[in-house]
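Spelled out, the chains give:
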Amino acid sequence: HNRAMLLATLGLCTAVPLQPYAYQPLPVGSVTPKGWLLKQLTLQAEGLSGHLAQFWHDIMSSVWIGGSGDGGLHERTPYWLNGVIPLAFLLRNAGIDELPPVAGIYKAPWGRHGWMSTLCESGGEVRGAVIAGGVAGYPVESAAECRDDCAARSDCVGYAAETCSAPVRCWHKGQLPQATAASPAAPVGGKEAAAGVSTCACHGRNIPKPTPVDLMGQVERYVEIILAHANATSGWLGPDSSPASGGQYWGPSNVLQALWQWAEAKREGDEAAFSKASRAMLLHLLEQRRRMAKAPLASWAKARWIDMAKSAEWLIDNARLTDAQRGELLELIALLKAQGEDWDGWFEAVPRTSNHNVNVAQGLKSAAVWWRFNSSASHANLSMAQLSLRRMRKLDAAYGQPTGMYLGDEITPVPHTRSPSRGIELCGVVEALYSYEAMYSVHGTLAFADRAERIAYNALPATWASPTGGDMWAHQYLQAVNEINAIKASPHVWQHDNAFSETYGLEPNFGCCTANFHQGWPKFANSLFHSAPDGGVVVSMWAPAAAKLPSGATVEVDTTYPFGDDATVTVRAAAGTPVYLRIPGWAVKATVNGAAAANGTLFRGVATGGADVFAVAFRSETRRDPPTSAEIRRDPPAVGAPQSRSAGRRRGLSGGTAARRAFTAARCSTRCRSRQTTPSMRTTLVRPTCPPTTTCSRPARGALRSTSTQHRPAPPFASRAVATDPARRHGITATGRPRSQRGSDRFPPGASPPTRPRSRRVRQRATRPPGAGPPRCAIWSPTEGPSCGSASCPSPSLVLQAMGRGLRGSVSIESCYEARERYESAF
């Protein structure tokens, strides 16, 4: 069956080249980042991206360079290279070839800092073998010279100087063994200093100088080793530990993506490097085609066949191939489609099916990749372009989040839900971002560019934190828009990952995202500009950057977007060259050079041959999106805000800190959250969650309305710190009614709520006011999940019984709140 499908498909495609892109991506190395984008990319290189090769076993000692790390799937070094290669060339274009060394995740510059701020320390002298100075010490001019001599040695861990003598005497200390009588631990005359008595002795410790971050040097080293060690007989790249397995193709697939990016960046000045990389890719893919006849795709390779097909398409577009080689690559693409996951069918089955969230993210672009091979292909009477757009909308309807992502705490939820308390994996974020960028360039559908921006400016920065802010030293495995605490959580609302999944660290839960996150910002930066079929310049997404197009035209965007509403575009191109500027779908009042520009379109201008300037005003507005939810959006970033709680708080976001306001917004959703079991009570507290088209709130005195008109999100490079400053987290939403100011809502993160039961008088104030109409009710089920709108409303005692037994139950909102208060007061 697969062979028949293969031959039929090839009959359509071997006689014609691949379909052209709607908007041609620029070669890697064409874009120069500026402004906040350059700062963000620099922060990334200063963080894990630039340092993993210095300390993380799976990169530093990878099997891909002859070590023992990155066993099993052999995916981590390929993941890393897929992101750091475009990052290195972006920074090189900005004039950054090497970043200075830093000491620790606090990024303190190496040298006299922190506890080394004084020359002579107090307290005990460093213990260890004397490696310079012997018994009497060697002469130096000052204690500072003794210290600097120690710092120049890689084996010196501390120094001691006798300052009362002339000249000053110096000793250097090394590692254990401990000092002995023959090798004293302290200089003669300096033993009193170890007890803090003598004023003649000066001693201190030495931090070995860290290695500067030479990202381009790292890239060149890894690529050189991988290319040099390709199998001379078969052409296979990398470790070849399971040649009979259908999963063997997955690990090298990201090396192929890394190599074609490296080749593109090298092509202009080093044609030999381009030819070497493209030939290595060709030989590997031809060997993969031969192996697939006996070992069909399986596991991750079966789900993620799209990226292998995309690499084959890149070779057809760019490499010098014979007709036979081109035919073999086309046959490989058809074979990948035939053996791979049926993503057309899977997406049509949403939400009645489920899959791994990263598989879904990579599968998003399968219709776009396949359309280039077979533009007449269809599924369920829908074209590939229609299927691509339909996929985005189906994911939104079933699992959509205000960040532009969908839910997938490892697996997409069953039953489907849009609960903002559930999570999405960082790998899923960067892969979905890349898929939408690819879908936009193939189909030209502007909604995909809108979505890529929305993910980049909300979901991507939200997953990072460090002691000094969003320095990209520590990340979460899962992020949730209504996440309140970044802690080891047990029990937890996410379903398939461990209790550490929302903590910040090197590799929480799994290390795959530690290796894979690097592609997010660099590939987004390289997708900002495209070439149009008519030779025009296309500004596809908005960020401060400049680019040189293959035609020789240059384009430069000066903007603080998404933190500002204006951009200035300067184009230098031949007279008559079209200039296309994407007007986002949400920018309903946008103007270009003062004239109205329709939202969701490409504004067309024309270059005059000089420096043509286009002034773009987006004029974003604050709104609810959708109108019935409490997601507050001021595009492109989504922002979280509290709803008013009393007449005195209904005038907006005045009063209190930003952190307090966003914390309150996040807490709003906790009563509209799914089941949570408390071991100490051996019961289950079920907080009702509502579909986005309804509200899950009891009537309150006075109008409840959104109050977000002033709040602006923090820049992506300043995402919130761990668990105490969620104000910097983009996309916090509140799908339910905010809690009253009574009880635990008055307390900031880390504080404890009151433990005594509330008075009857307070509970009476929480009941429905006269004339409020029929009570709204909540209903839940362990198998069907929570929903709203039941007409059956038992008493609070029955609610607690239903919770404790895990049975289906329903309750009025008022009774549910009262039961919840009883439940919480028990603590």
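Per-chain numbering applies: the sequence of each chain, read as written, is numbered from 1 onward. For this predicted model, a pLDDT threshold of at least 70 governs which residues receive local features, and a threshold of 80 or more governs which side-chain atom pairs are given and counted, while totals over whole chains, interfaces and linings are taken from all residues. Side-chain numbers here rest on the full set of heavy atoms in the structure, without hydrogens or water.

## Focus: the packing of aromatic side chains
Rules: The rule is short: rings of Phe, Tyr and Trp, with Trp giving its six-membered ring, pair when the centres are within 6.5 Å, and they are stacked under 30 degrees, edge-to-face over 60, tilted in between. Each helix is a run of H or I in the DSSP string that is no shorter than four residues. Each strand is a run of E no shorter than two, and both are numbered from the N terminus. Here, a charge over a ring is recorded when the distance from Lys NZ or Arg CZ to the ring centre is within 6 Å and its angle to the ring normal is within 35 degrees.
By the definition in use, this model includes 22 aromatic pairs. Pairing Trp542 with Phe618 gives two aromatic rings, centres 5.2 Å apart and planes at 75°, and the pair type is edge-to-face. Of this pair, Trp542 sits in the loop between strand S17 (537-539) and strand S18 (545-548) while Phe618 is found in the loop between strand S25 (611-617) and strand S26 (622-624), placing the two residues 76 residues apart along the sequence. Each member of the aromatic cluster is reached from another via a ring pair, and the members are Trp36, Tyr457, Trp521, Phe524, Trp542, Tyr561, Phe563, Trp586 and Phe618. Geometry around Trp250 places Arg304 over its ring, the cationic atom sitting 4.8 Å from the centre. Taking the ring centre of Tyr21 as reference, the NZ or CZ of Arg372 above it sits at 4.2 Å.

## A closer look at the environment of Gln175
What counts is decided by this rule: Here a residue-residue contact requires only that any non-hydrogen atoms of the pair lie within 4.5 Å.
With respect to the helices and strands, the residue Gln175 is situated in the loop between strand S8 (168-173) and helix H7 (191-194). The sequence separation of Gln175 and Asp155 amounts to 20 residues, and the corresponding C-alpha distance is 7.4 Å. In this structure Gln175 touches Ala129, Asp155 and Val157, once residues within four positions along its chain are discounted.

## A look at the environment of Leu321
Heads up, the rule is: Working definition: with a 1.4 Å probe on protein chains only, accessible area under 20% of the residue-type maximum means buried, over 50% means exposed, and in between means partly exposed.
Structurally, Leu321 can be placed in the loop between helix H12 (305-318) and helix H13 (323-339). Judged by relative accessible area, Leu321 falls into the buried class, the value being 14%. Put simply, Leu321 and Arg279 are 42 residues apart on the chain and 9.3 Å apart in space, counted from C-alpha to C-alpha. Discounting chain neighbours no more than four positions away, the residues touching Leu321 are Leu282, Leu315, Ile316, Arg326 and Leu329.

## Section: the packing of helix H16 (residues 366-373) against helix H18 (residues 426-443)
Threshold: Orientation is described by lines fitted to C-alpha atoms, with helices fitted over the stretch in contact, and by angles between N-to-C directions that extend from 0 to 180 degrees. A crossing counts as left-handed when the near helix is turned anticlockwise from the far one by less than a right angle, and as right-handed when that turn is clockwise. As a working rule, the residues Ala, Val, Leu, Ile, Met, Phe, Trp, Tyr, Cys and Pro are called nonpolar, Asp, Glu, Lys and Arg charged, and the rest polar, with Gly in that last group.
One can describe the packing of H16 onto H18 by two numbers: an axis separation of 9 Å at closest approach and a directional angle of 35°. Relative to H18, the crossing made by H16 is left-handed. Facing H16, whose interface residues are Ala367, Ala368, Trp371 and Arg372, H18 presents Met439, Val442 and His443. Of the residues assigned to the contact of H16 with H18, the class counts are 5 nonpolar, 1 polar and 1 charged.

## Digging into the nonpolar core
Definition in use: Remark: nonpolar core denotes a set of buried residues (Ala, Val, Leu, Ile, Met, Phe, Trp, Tyr, Cys) joined through side-chain atoms within 4.5 Å.
In terms of nonpolar packing, the biggest core is built from 174 residues, with Leu329, Trp521, Phe529, Trp542 and Val569 touching the most fellow members. Tallying contributions element by element places H18 first for this core, with 11 residues. In this structure, Trp542 is in contact with Glu453, Tyr457, Leu528, Val557, Tyr561, Ala567, Val569, Leu581, Arg582, Pro584, Val616 and Phe618, ignoring residues within four places of it in sequence.

## Remarks on the confidence of the model for the chain
So the rule is basically this: pLDDT is a per-residue confidence score from the predictor, ranging from 0 to 100.
Chain-level statistics for the chain give a pLDDT mean of 76 and a share of 68% at 70 or above. Here residues 177-197 is a poorly scored stretch, pLDDT under 50, and it has 39 contacts once near neighbours within four places are set aside; other chains count.

## Concerning helix H9 (residues 250-267)
The criterion, for reference: By definition here, a helix of n residues has an expected span of 1.5 Å times n minus one.
Between its terminal C-alpha atoms H9 stretches 27 Å, which fits the 26 Å expected from 18 residues at 1.5 Å a residue. Among the 18 residues that make up H9, 17 are buried, leaving the element largely enclosed by the rest of the structure.

## A look at the state of the cysteines
Spelled out, the test is: Here, the term disulfide refers to a pair of cysteine sulfur atoms separated by no more than 2.5 Å.
Under the defined criterion, the tally for this structure stands at 2 disulfides. A sulfur-sulfur separation of 2.0 Å characterises the disulfide bridge that pairs Cys146 with Cys170. Judged by the sign of its S-S torsion, about 70°, the cystine formed by Cys146 and Cys170 is right-handed. Taken together, the residues span a long stretch of sequence, with Cys146 in helix H6 (residues 143-151) and Cys170 in strand S8 at a distance of 24 residues. Cys170 shares its class with Cys146; the two are buried. Paired by a disulfide, Cys150 and Cys156 hold their sulfur atoms 2.0 Å apart. On the S-S bond that ties Cys150 to Cys156, the torsion sits near -100°, and the link is left-handed. Summarising the burial analysis for this pair, Cys150 and Cys156 share the class buried.

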